[in-house]
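Examination of the molecular architecture
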Amino acid sequence: MTDEELISFLEDLPLRRLHVLARGRVHRHFRMGKQRLIDVFLKLPPQIRSALEEDLRSTTIPIKASPPEAQQPRSQKKSSRQLQTPSRHPGKSSGEPSTTVADLLEGLGVPPSTTFVPDPWQVDAVSQLATTDVIVSAPTGSGKTYVAVEAMKQAMAKDSTVIYTSPLKALSNTKYMEFSHLFGHEQVGILTGDRRDNAQAPLLIMTTEILRNLLYDAASGEIDLRLNTLGLVILDESQFLADPERGVVWEETIIFCPTQARLLLLSASIGNPQELADWLTSIRPIPCHLIHHRRRSVPLRGAYLHPAGKLSPLFKSRDITQGAGYAFHPETKRLFSKYELETFGPRGGR
Ligand SMILES: Nc1ncnc2c1ncn2[C@@H]1O[C@H](COP(=O)(O)OP(=O)(O)OP(=O)(O)O)[C@@H](O)[C@H]1O
Ligand SMILES: [Mg+2]
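Remember, predicted model here, so these are calculated numbers, not experimental data. All residue numbers here refer to positions counted from 1 along the written sequence of the relevant chain. Chain A is the first chain written and ligand 1 is the first ligand written, with later ones labelled in order. Side-chain atom pairs in this predicted model are given and counted only at pLDDT of 80 or more, local residue features only at pLDDT of at least 70, and totals for whole chains, interfaces and linings cover all residues. Excluded from the side-chain calculations are hydrogens and water; all other atoms, namely the structure's heavy atoms, are used.

1. Quick look at the overall build of the protein chain
Per the convention used, a helix needs a DSSP run of H or I reaching at least four residues, while a strand needs a run of E reaching at least two, with both numbered from the N terminus. Within the protein chain one finds 14 helices and 10 strands. For every residue, the accessible area obtained with a 1.4 Å probe (protein chains only) is divided by the maximum for its type, and the residue is called buried under 20%, exposed over 50%, and partly exposed between those limits. Of all 350 residues assigned to the protein chain, the portion counted as buried reaches 40%. In the protein chain, the share of contacts with a sequence separation of at least 24, taken over all contacts with a separation of at least 6, comes to 64%. For the protein chain, the accessible area works out to roughly 19,400 Å², and carbon and sulfur atoms hold 55% of it. Note on definitions: a residue-residue contact is assigned when non-hydrogen atoms from the two residues lie within 4.5 Å. The Shrake-Rupley method, run with a 1.4 Å probe, gives the accessible areas here. Residue values count only the displayed protein chains as cover.

Below, the structure written as structure tokens:
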């Protein structure tokens with residue numbers, strides 16, 4: 001592939017795709033913008049470059065364009081995704097009638113207030129943190145935040161610094177407000193791509209990317225992250241470890257996490273938590289204890305909104321309770337298959 005061809009294909013890809021291609025080939029690629037990454041790709045040694053081209057051929061939009069399309073100016077070329085436009089009215093022709101929002105929300109409300117008593121798994125998680133790293137795998141709405149807050153209190157009582165990370169700036173902002181309310185504004189700081197407030201506070205909220213970058217810089221002696229006082233690192237929504245594109249950020253954060261700090265990973269959707277706990281135990285100086293709580297405290301109800309406007313229940317039974325298994329509603333399955341067919345074509349290829 002000539003340099004021009006390579007540039008042309010890379011320019012058509014989203015930046016996150018370039019970062020996936022750069023993994024293992026380009027050092028510290030996560031800090032680079034698109035143009036810089038393309039420049040670096042062009043300078044790769046021949047063997048690495050040919051493997052990159054091979055990856056491009058096998059996993060992205062077809063590289064060998066058909067002759068008429070190849071002769072079109074780049075601005076007129078369409079990706080395979082753009083060629084198939086979903087129909088505007090797919091739900092109207094057949095299938096069950098649309099459900100209403102009122103039907104969907106019926107019966108939801110605020111439960112009567114009762115005295116707060118932590119569940120045994122919550123107590124267990126907090127006490128395990130005294131001696132081990134901990135992974136809490138528990139369904140949505142089951143109270144993982146309680147474990148985080150109690151662990152924060154214990155670490156802060158020992159004058160340790162605590163870092164809490166979430167995968168989203170919006171969630172970090174929400175948690176900043178929540179924890180500021182709980183601990184007092186002067187005790188909490190935030191560091192995201194958009195905000196930097198009270199960075200000297202004992203409890204710091206940040207996105208996982210920011211923490212990973214700080215740990216990188218600290219490892220190369222560039223900044224002082226108060227690593228010696230870091231007592232607890234909480235990675236909320238840690239199922240992102242399995243994300244094909246961003247997972248490496250969680251992986252590196254765990255690997256670079258200072259050894260004296262406890263790690264607390266929280267998630268509602270890790271499929272293989274024991275495997276993850278075993279991995280942490282193998283790479284960290286202290287064991288990792290798994291708290292696997294399966295019972296769902298808050299029933300789950302869902303719906304699927306087709307792009308054409310049709311709303312359909314997500315599950316066959318109205319609510320998913322107590323961590324029971326579930327089946328998708330047949331109408332939703334039909335609508336979703338139809339959408340996939342219209343969007344990606346008969347083979348579902350991208
Ligand atoms: N032991 C408990 N008994 C009753 N309510 C609880 C208990 N623990 C937590 N809660 C309440 O449950 C709600 C959901 O808790 P929380 O936000 O911690 O869920 P989560 O496990 O973090 O869920 P998600 O996976 O969606 O982040 C909160 O309102 C919290 O006060
Ligand atoms: Mg939570």
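2. Some words on the site of ligand 1
Residues are labelled near a given molecule or strand when at least one of their non-hydrogen atoms is within 4 Å of it. Near ligand 1, the surroundings consist of 14 residues, among which Q122, G141, G143, K144 and T145 are the closest. Counting of polar contacts relies on pairs of N or O atoms within 3.5 Å, with two restrictions inside protein: one atom must be capable of donating a hydrogen and the other of accepting it, and residues adjacent in sequence are counted only when both atoms are side-chain atoms. Here an oxygen atom of ligand 1 sits 2.8 Å away from a polar atom, N or O, in the main chain of G141. Surface burial for ligand 1 is 59%, taken as the share of its 640 Å² of free accessible area covered by protein chains. Under the convention adopted here, Pro, Cys and the residues Ala, Val, Leu, Ile, Met, Phe, Trp and Tyr are nonpolar, Asp, Glu, Lys and Arg are charged, and Gly plus all remaining residues are polar. Residue classes in the shell around ligand 1 are distributed as 5 nonpolar, 6 polar and 3 charged.

3. Some remarks on the nonpolar core
Definition of nonpolar core: a set of buried residues of the types Ala, Val, Leu, Ile, Met, Phe, Trp, Tyr and Cys, connected through side-chain atoms within 4.5 Å. In terms of nonpolar packing, the biggest core is built from 28 residues, with V136, M152, F179, L203, I234 and L264 touching the most fellow members. Ignoring sequence-local partners within four residues, the contact set of I234 consists of A148, M152, V162, I163, Y164, T165, L264 and L266. Grouped together as the second largest cluster of nonpolar side chains are 27 residues, I163, L230, L263 and C288 included.

4. A short note on the pattern of salt bridges
The salt bridge criterion pairs a side-chain nitrogen of Lys or Arg with a carboxyl oxygen of Asp or Glu, the two atoms within 4 Å. Following the criterion strictly, the structure yields 14 salt bridges and no others. The partner of R25 in a salt bridge is D55, with the nearest N and O atoms 3.0 Å apart. In this pair, R25 sits in the loop between α2 (15-22) and α3 (34-42) while D55 sits in helix α4 (residues 46-59), placing the two residues 30 residues apart along the sequence. What emerges from the salt-bridge pattern is a single network uniting D3, R49 and E53.

5. Some words on the packing of aromatic side chains
Aromatic pairs are defined between Phe, Tyr and Trp rings, using the six-membered ring for Trp, whenever the two ring centres lie within 6.5 Å; interplanar angles under 30 degrees are classed as stacked, those over 60 as edge-to-face, and all others as tilted. Enumeration according to the criterion identifies 6 aromatic pairs in this entry. For the pair F240 and W250, a centre-to-centre distance of 5.2 Å together with 25 degrees between the ring planes defines the contact as stacked. Taken as a pair, F240 in the loop between β6 (230-235) and α12 (247-256) and W250 in helix α12 lie far apart in primary sequence, 10 residues in all. A relative accessible area of 21% places F240 in the partly exposed class. When the centroid spacing of 6.2 Å and the interplanar angle of 15 degrees are considered together, the rings of F315 and F328 count as stacked.

6. Notes on unusual backbone geometry
The backbone phi angle of D159 is positive, close to 60 degrees, even though this residue is not glycine. Inspection of the secondary structure puts D159 in the loop between α9 (144-157) and β2 (161-166).

7. With respect to the pairing of strand β3 (residues 188-191)
Here β3 shows two buried faces, one formed by V188 and I190 and the other by G189 and L191. At least two bridges found by DSSP between two strands are what make those strands a pair. Bridge analysis of β3 against strand β5 (residues 203-207) gives 4 bridges, and the strand direction is parallel. Bridge pairing in β5 places I190 opposite I205. Here β3 pairs with strand β4 (residues 196-197) via 2 bridges, running antiparallel. For I190, the partnering residue across the bridge sits in β4 and is D197. As consecutive antiparallel partners, β3 and β4 are separated by 4 residues.

8. Quick word on the packing of α12 against helix α13 (residues 273-283)
Each pair of packed helices can be summarised by the angle the axes make with each other and by the distance between the axes. Axis angles are defined between N-to-C directions and span 0 to 180 degrees, where every axis is a line fitted to C-alpha atoms and, for a helix, only to the segment in contact. At a minimum axis separation of 10 Å, α12 and α13 run at an interaxial angle of 40 degrees. Viewed along their axes, α12 and α13 adopt a mutual orientation that is oblique. The hand of the α12/α13 crossing is right-handed. Contacts between α12 and α13 involve E251, I254 and I255 from the first element and W279, L280 and I283 from the second. When an angle is under 35 degrees it counts as roughly parallel; over 145 it counts as roughly antiparallel; between 65 and 115 it counts as roughly perpendicular; any other value is oblique. In this scheme, a crossing is called left-handed if the near helix is turned counterclockwise away from the far one by less than a right angle; it is called right-handed if the turn is clockwise.

9. Structural notes on a nonpolar patch on the surface
On the surface, a cluster of nonpolar side chains totalling about 290 Å² of accessible area is made up of V101, L105 and L108. Positionally, V101 belongs in helix α7 (residues 101-105). Patch definition: residues with relative accessible area over 30% and no salt bridge; like charges joined within 9 Å; nonpolar side chains (Val, Leu, Ile, Met, Phe, Trp, Tyr) joined within 5 Å.

10. What to know about the sheet that holds β2
Taken in spatial order, the 8 strands of this open sheet run β4-β3-β5-β2-β6-β7-β1-β8, and their pairing is mixed. Of all strands in the sheet, those with a lone pairing partner are β4 and β8 (288-292), marking the two edges. Sheet contacts for α9: β1 (133-137), β2, β5, β6 and β7 (262-267); angle to β7, the most-contacted strand, approximately 165 degrees. The strands touched by helix α11 (residues 208-219) within the sheet are β2, β3, β5 and β6, with β5 carrying the most contacts at an inclination of about 105 degrees.

11. Re the side chain of D236
Its location among the elements puts D236 in the loop between β6 and α12. When charges are tallied, Lys and Arg are placed among the positive residues and Asp and Glu among the negative ones, while His and the ends of the chain are skipped. Here D236 occupies a buried position and makes no salt bridge, while the nearest side chain of opposite charge, K175, is found at 4.7 Å. Setting aside its immediate chain neighbours within four residues, D236 contacts Y164, T165, S166, P167, K175, W250 and L266.

12. Here's the deal with α12
Of all 10 residues in α12, 7 are buried, a share of seventy percent or more. Every buried residue belonging to α12 is among G247, V248, V249, W250, E252, T253 and I254, and all of these are buried. Next to the buried residues of α12 lie α11, β6, β7 and α13.

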